[in-house]
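Coordinate inspection notes
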Amino acid sequence: SLHKNEELIKMRNIGIAAHIDSGKTTVTERLLYYTGRIAQMHEVKGKDKVGATMDSMDLERERGITIQSAATHVTWKNHHINIIDTPGHVDFTVEVERSLRVLDGVVLVICANGGVQSQTLTVNRQINRYKVPCAVFINKIDRMAANPHKCLTQLRSKLRHNAAFVQIPIGLEGKSTGIVDVVMRKALYFEGNNGQNIVEKEIPEDLKEITEIKRTELIECVSNVDEELAELFILDQTPTVQQLKDAIRRATILRKFTPVLMGSALRNKGVQPLLDAIVEYLPNPAEVENFAFDGNTTKYVSVLLYDHSLYIYMRLVVIQSKFGQLTYLRMYQGALYKGDNIFNVRTKKKSKASRVVRLHSNKLEDLEEAYAGDICALFGIDCASGDTFVSKVKHNISMEQMYVPDPVVSMSLKQDGRDDSGKMSKALNRFSKEDPTFTVTWDNEAEEMVVSGMGELHLEIYAQRMNNEYGLNVTLGKPKVAFRETITSRVEFDYTHKRQSGGAGQFGRLIGYIEPLPEERNTELEFLDKTVGTNVPRNYMSAIKKGFLEDCCDKGPLVGARVMGVRFVVEDGASHMVDSSDIAFRLAAQGAAAQAFEKSHKIISEPIMTVEVTAPAEFQSAVLSSINKRKGVINDQDVDSDYVTVTCDVPLNDMFGYASELRSVTEGKGEYAMEFCRYQPCREDVQEELVRQAHDAAASPVKKK
């Protein structure tokens with residue numbers, strides 16, 4: 001299997017991750033162009049209306065953003081590179097998680113002007129979570145106020161990377177003409193109309209000194225973490241170019257060092273050296289240790305690439321493309337041949353790999369076989385995100401599950417007109433299968449569909465996709481809040497229910513009172529029987545209880561919300577030998593409750609959420625004012641190093657749209673989590689507004705669809 005080993009050593013699985021608008025997709029587009037994958041380049045937000053090759057969804061082109069991770073395959077200097085372009089918006093974090101889970105290395109793109117931004121921090125957390133070796137590409141060095149040196153300082157201070165330049169720019173902003181390769185001591189210029197010809201020259205005189213300073217700095221940074229280079233450094237020997245490259249590679253793969261490259265993808269500068277760096281410094285599949293969980297022995301076992309006794313594949317993403325449902329697989333062990341049977345570890349189902357393809361954004365090529373370390377795609381396989389497949393059913397081995405963050409924003413989803421074809425459930429099923437952070441629930445009380453996700457953009461995109469791809473007409477709205485009604489004082493009742501018709505009539509009389517329960521029990525209902533003697537026969541008690549607790553409390557008298565926090569007490573009553581029955585007393589209980597509610601003073605309670613907001617300390621006042629604006633009560637503030645955590649109680653009714661507001665006042669760095677705390681009476685203005693709305697709705701009855 002020497003031939004396969006050689007192939008493996010020349011294979012790279014690389015992700016491209018970054019903050020929004022740092023230019024990930026443009027970088028990928030250039031990588032494809034220089035490796036001869038595409039004949040001409042298009043811009044993401046280009047005038048030619050084509051959009052980047054990787055953004056194959058119409059919506060992605062329309063908004064100029066990346067939503068789904070797209071995988072592609074390129075060849076550069078005899079090396080096979082699988083590249084995955086990931087989204088940068090915080091709303092699509094799960095796509096990034098999913099990609100990093102199966103990659104061996106990642107290129108972190110940073111904007112030379114913006115530096116390390118909030119989403120860079122998030123992506124960096126994910127890179128650390130999955131322990132992926134990383135190289136940094138500082139993009140947009142031709143922009144105004146571009147400052148790669150600031151980026152390097154932030155990489156070291158904020159992201160705590162042991163990083164150093166392997167290249168320095170020749171001129172910045174408008175004067176950007178090329179880059180200096182610090183390792184090779186050469187100046188590189190990119191000529192030709194698309195920068196495809198690389199011209200090597202001597203380093204310009206004014207940059208010679210700084211090149212040597214940066215080169216020494218690079219050697220120092222690497223020798224701090226690499227013993228071989230440290231020995232040369234101590235003996236005061238200058239390492240050869242090859243020794244230095246090997247040391248950088250060793251340190252990068254162990255995640256002890258991060259090489260920093262730079263260029264401007266849009267101006268076609270510095271992209272080919274990035275490809276060289278991917279090949280030179282980032283690991284091949286054999287150099288990364290992967291562990292799997294063995295369900296039979298409940299131990300972690302390490303995955304060997306060449307072990308043919310058992311094949312393991314891990315499912316990456318399911319993508320609905322114009323070819324049907326495609327399932328990306330990352331091969332971890334063994335090989336996969338066309339026509340093989342594979343077993344899903346989770347469901348124990350058998351599938352057949354009838355077609356194995358390699359995908360380039362949205363064009364296919366068929367493969368006869370795929371070996372460990374590669375990424376390929378299969379057709380028509382039913383599975384969920386992150387499932388593991390094996391070649392024999394007896395093996396119960398699964399690769400680690402990926403981390404899925406909790407949804408933060410919920411909205412109601414309404415459809416205009418009836419859904420006859422079942423397209424709605426098809427769409428929701430497919431989206432929640434593709435994306436574990438997108439969840440759908442049916443709210444019985446409000447009688448509406450509630451969708452939850454990572455942000456409002458996230459949900460908007462899905463609603464738009466349902467409209468475009470499925471021809472549904474859906475709208476997103478503010479979800480209904482579960483208000484409750486209760487009373488404030490004790491009210492007596494004395495009610496007689498009589499109905500005389502042919503034959504036995506109905507008769508029941510109840511005397512008693514209703515009163516509010518104490519505050520800590522304000523979500524319960526209680527029924528007490530304080531009758532003495534036989535005026536109200538015992539066998540009717542369960543019917544009376546049903547009449548009070550079930551029939552009257554679902555829709556309250558004020559705004560039709562549920563009634564709670566009330567105790568019903570029956571003290572006395574009267575019955576009739578012939579005419580009294582279960583139904584008579586049940587109706588008597590309903591009448592008594594209605595009579596008592598009529599006389600009582602009623603209030604509306606609303607759910608109060610405990611909200612915990614975390615943001616960098618410099619945004620403390622902005623966060624506090626955003627909570628006060630939403631009528632929140634602040635319970636606790638805690639400043640820890642450079643982050644502040646605010647705990648507060650906010651009415652759920654005022655929390656709608658908070659996710660986007662918090663992101664805008666904290667430059668996208670703030671996060672919050674909320675959970676239900678208690679019910680408490682709502683403010684008078686809210687109550688008046690609710691009563692008015694209920695009154696208007698009752699005055700103009702709407703036919704139910």
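- The name an unreviewed UniProt entry assigns to the protein chain is Elongation factor G, mitochondrial, from the organism Ciona savignyi.
- As stated in UniProt under Subcellular location (unreviewed entry), the record for the protein chain gives "Mitochondrion".

**Looking at helix α14 (residues 582-599)**
- A rise of 1.5 Å per residue sets the reference length of α14, with its 18 residues, at 26 Å; its end C-alpha atoms lie 26 Å apart and thus fit the reference within 8%.
- Listing the buried residues of α14 in full gives Ala584, Phe585, Ala588, Ala589, Gly591, Ala592, Ala593, Ala596 and Phe597.

**Quick notes on the packing of helix α13 (residues 541-551) against α14**
- Packing of α13 against α14 brings their axes to within 7 Å, and their N-to-C directions diverge by 40°. If you check the angle between α13 and α14, you find them oblique. Between α13 and α14 lies a crossing of right-handed hand. On α14, the residues touching Ala543, Ile544, Lys546, Gly547, Phe548, Glu550 and Asp551 of α13 are Asp582, Phe585, Arg586, Ala589, Gln590, Ala592 and Ala593.

**Description of the packing of aromatic side chains**
- Under the criterion given, the structure shown has 6 aromatic pairs.
- Their ring planes at 25° and their centres at 4.8 Å tell us that Phe548 and Phe568 sit as a pair that is stacked. Here the residue Phe548 occupies a position in helix α13, and Phe568 occupies one in strand β34 (residues 566-574), the gap between them amounting to 20 residues.
- For Phe568, a relative accessible area of 0% translates into the label buried.
- Ring geometry for Phe568 against Phe597: centres 6.5 Å apart, planes inclined by 75°, an arrangement best described as edge-to-face. Taken together, the residues Phe568 in strand β34 and Phe597 in helix α14 connect sequence positions 29 residues apart.

**Some points on the sheet that holds strand β8 (residues 178-181)**
- Spatially, 4 strands are ordered β7-β8-β9-β10 in an open sheet, and the strand pairing comes out antiparallel. This sheet does not close on itself; its edge strands, each paired only once, are β7 (167-170) and β10 (197-201). In this sheet, adjacent strand axes meet at a mean angle of 30° when their direction is disregarded.
- Relative to β8, β7 runs antiparallel, the two being bridged by 4 bridges. In the sheet register, Ile168 faces β8, and the bridge partner there is Val180.
- Its contacts with the sheet put helix α10 (residues 271-281) on β7, β8, β9 (186-191) and β10, and the angle it makes with β9 is roughly 125°.

**What to know about the sheet that holds strand β32 (residues 525-529)**
- Sheet architecture is open: 4 strands sit in the order β30-β31-β34-β32, paired in mixed fashion. Taken across any chain shown, the strands that pair with only one partner, and hence form the sheet edges, are β30 (491-499) and β32. Between one strand axis and the next, the sheet turns by 25° as a mean value, whatever way the strands run.
- Where β30 and strand β31 (residues 506-516) come together, 9 bridges link them in antiparallel fashion. Residue pairing in the sheet places Phe493 in a bridge with Gly512 of β31.
- Across the sheet, α13 touches β30, β31, β32 and β34, and the angle it forms with β32 is around 150°.
- Set on the sheet, α14 makes contact with β30, β31 and β34; between it and β30 the angle comes to about 140°.

**Points about the pattern of salt bridges**
- Under the counting rule described, the total for this entry stands at 21 salt bridges.
- With its nearest N and O atoms 2.4 Å apart, the salt bridge here joins Asp529 to Arg538.
- For Asp654, the salt bridge is made with Arg683, and the minimal N-O distance between the two is 3.5 Å. Of this pair, Asp654 sits in the loop between β37 (643-651) and α16 (658-665) while Arg683 sits in the loop between β38 (671-681) and α17 (684-699); the two residues are 29 residues apart in sequence, bridging distant segments of the chain.
- The class of Arg683 is partly exposed, set by a relative accessible area of 27%.
- Through salt bridges with shared partners, a single network forms among Arg156, Lys214 and Glu217.

**Thoughts on the pairing of β34**
- Summarising the sheet, β31 and β34 pair through 8 bridges and their orientation is antiparallel. Looking at the pairing, Ile514 lines up with Phe568 of β34.
- Across 5 bridges, β32 lies against β34 in parallel orientation. Residue pairing for β34: Asp529 is matched across the bridge by Val570.

**Concerning the confidence of the model for the protein chain**
- The predicted model of the protein chain has a mean per-residue pLDDT of 76, with 77% of residues at 70 or higher.
- In the model of the protein chain, helix α3 (residues 58-63) stands out as the element of lowest mean pLDDT, 48, in contrast to β30, which has the highest, 89.
- A low-confidence stretch, residues 39-57 (pLDDT under 50), is modelled with 60 contacts involving residues beyond four sequence positions or located in other chains.
- Contacts from residues 61-69, a stretch scored under 50 in pLDDT, to residues over four places away or in other chains number 48 contacts.

**Some details on α17**
- Taking 1.5 Å as the rise per residue, α17 with 16 residues should run 22 Å; its terminal C-alpha atoms sit 22 Å apart, in good agreement.
- Among the residues making up α17, those that are buried are Val686, Gln687 and Leu690. Considered in projection along α17, the buried side chains sweep an arc of 100° and stay on one side of the axis. For α17, the exposed residues set more than 90 degrees away from the buried face come down to Glu684, Glu688, His695 and Ala699.
- Buried positions along α17 lie against β35 (602-616).

Each value, and the rule that gives it
- Residues numbered from 1 in each chain as written.
- Predicted model: local features only at pLDDT ≥ 70, side-chain atom pairs only at ≥ 80, totals over all residues.
- Heavy atoms only, no water.
- UniProt positions renumbered as here; feature names shortened; annotations may be inferred.
- Helix = DSSP H or I, 4+ residues; strand = E, 2+ residues; numbered from the N terminus.
- Expected span 1.5 Å × (residues − 1).
- Buried < 20%, exposed > 50% of the residue type's maximum accessible area, 1.4 Å probe, protein only.
- Axes fitted to C-alpha atoms, helices over the stretch in contact; angles between N-to-C directions.
- Parallel < 35°, antiparallel > 145°, perpendicular 65-115°, else oblique.
- Left-handed = near helix turned anticlockwise from the far one by under 90°.
- Contact = heavy atoms within 4.5 Å.
- Phe/Tyr/Trp six-rings, centres within 6.5 Å; stacked < 30°, edge-to-face > 60°.
- Pairing = 2+ DSSP bridges.
- Salt bridge = Lys/Arg side-chain N within 4 Å of Asp/Glu carboxyl O.
- pLDDT = per-residue confidence, 0-100.
- Arc of directions from axis to C-beta.

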